[in-house]
Amino acid sequence: MTVTYVIEGSRITGPDSFWTVVGEAVNGPGGYFGRNLDSFEDCLSGGMGTPDDGDFVFEWRDHTLSARSLGHAETARYLERMAARAHESNRGRLREECAQAAAGLGPTLFDRLVEIVRDRSGPDTLRLL
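Below you will find a few notes about this structure. (Residues numbered from 1 in each chain as written. Predicted model: local features only at pLDDT ≥ 70, side-chain atom pairs only at ≥ 80, totals over all residues. Heavy atoms only, no water.)

## Focus: the packing of helix 2 (residues 37-44) against helix 6 (residues 109-121)
Two numbers describe how helix 2 lies on helix 6: the axes approach to 9 Å, and their chain directions differ by 25°. Taken together, the axes of helix 2 and helix 6 are roughly parallel relative to one another. As for the relative orientation of helix 2 and helix 6, their crossing is right-handed in sense. Contacts from Leu 37, Phe 40, Glu 41 and Leu 44 in helix 2 reach Leu 109, Arg 112, Leu 113, Ile 116, Val 117, Arg 120 and Ser 121 in helix 6. Of the residues belonging to the contact of helix 2 with helix 6, the class tally is seven nonpolar, one polar and three charged. (Axes fitted to C-alpha atoms, helices over the stretch in contact; angles between N-to-C directions. Helix = DSSP H or I, 4+ residues; strand = E, 2+ residues; numbered from the N terminus. Parallel < 35°, antiparallel > 145°, perpendicular 65-115°, else oblique. Left-handed = near helix turned anticlockwise from the far one by under 90°. Contact = heavy atoms within 4.5 Å. Nonpolar A, V, L, I, M, F, W, Y, C, P; charged D, E, K, R; others polar.)

See the structure below:
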């Protein structure tokens, strides 16, 4: 039986609220399902927090609100924070991606999250509503 996890897009105001919303959708209040793009991908690939039943669908309601909240401006802020903590060999790339996002170019956090779900779980596991 397919389990449907509902992501309430109206509750997402940035990456931190996304991690909370998706964690609660999958694992209940206070649930974990990643706190960054790498851990989110890991959770969808069998890591800590992965749903026990591999037969699931994410239903992302009000996804257009989330897309705005996780747009280029938020992506630039996210990448800037990552660059500040990154190994020096990665800082240049992250700062370049940050500049692109600040200019309104390239993939957004929303785009990356959608891509991760579709790549790791399959294209039919995400319903954007």
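## Concerning the pattern of salt bridges
Applying the stated rule across the entire model yields nine salt bridges. The residue Arg 11 makes a salt bridge to Glu 24 at a minimum N-O spacing of 3.1 Å. In this pair, Arg 11 is assigned in the loop between strand 1 (3-8) and helix 1 (15-27) and Glu 24 in helix 1, connecting sequence segments 13 residues apart. For Glu 24, a relative accessible area of 30% gives the class partly exposed. A salt bridge links Glu 74 to Arg 77; its shortest N-O distance comes to 2.9 Å. (Salt bridge = Lys/Arg side-chain N within 4 Å of Asp/Glu carboxyl O. Buried < 20%, exposed > 50% of the residue type's maximum accessible area, 1.4 Å probe, protein only.)

## Observations concerning the side chain of Ser 66
For Ser 66, the position within the fold is in helix 3 (residues 63-69). When residues no more than four places from it in sequence are discounted, the contact partners of Ser 66 are Gly 9, Ile 12, Trp 60 and Phe 110.

## Things to note about the sheet that holds strand 2 (residues 56-61)
Taken in spatial order, the three strands line up as 1-2-3 in an open sheet, and their pairing is parallel. Where the open sheet ends on each side, the last strands, each with one partner, are strand 1 and strand 3 (126-128). Here the average twist between neighbouring strands, direction ignored, is 20°. In this structure, strand 2 lies alongside strand 3, joined through three bridges in parallel fashion. (Pairing = 2+ DSSP bridges.)

## Observations concerning the pairing of strand 2
Counting buried positions along strand 2 yields five of six residues, so the element is predominantly enclosed. In the sheet, strand 1 pairs with strand 2 via six bridges, with the strands oriented parallel. Opposite Glu 8, over in strand 2, you have Arg 61 as the bridge partner.

## Examining the packing of aromatic side chains
Under the definition given, this model contains ten aromatic pairs. Judged by centre distance (5.2 Å) and plane angle (75°), the rings of Phe 18 and Trp 19 are edge-to-face. What makes Trp 19 buried here is its relative accessible area of 3%. Arranged with centres 6.1 Å apart and planes meeting at 50°, the rings of Trp 19 and Phe 40 form a pair that is tilted. Taken together, the positions of Trp 19 in helix 1 and Phe 40 in helix 2 put the pair 21 residues apart, joining distant regions of the chain. Judged by relative accessible area, Phe 40 falls into the buried class, the value being 1%. (Phe/Tyr/Trp six-rings, centres within 6.5 Å; stacked < 30°, edge-to-face > 60°.)

Distances and angles like these do not, on their own, reveal function.
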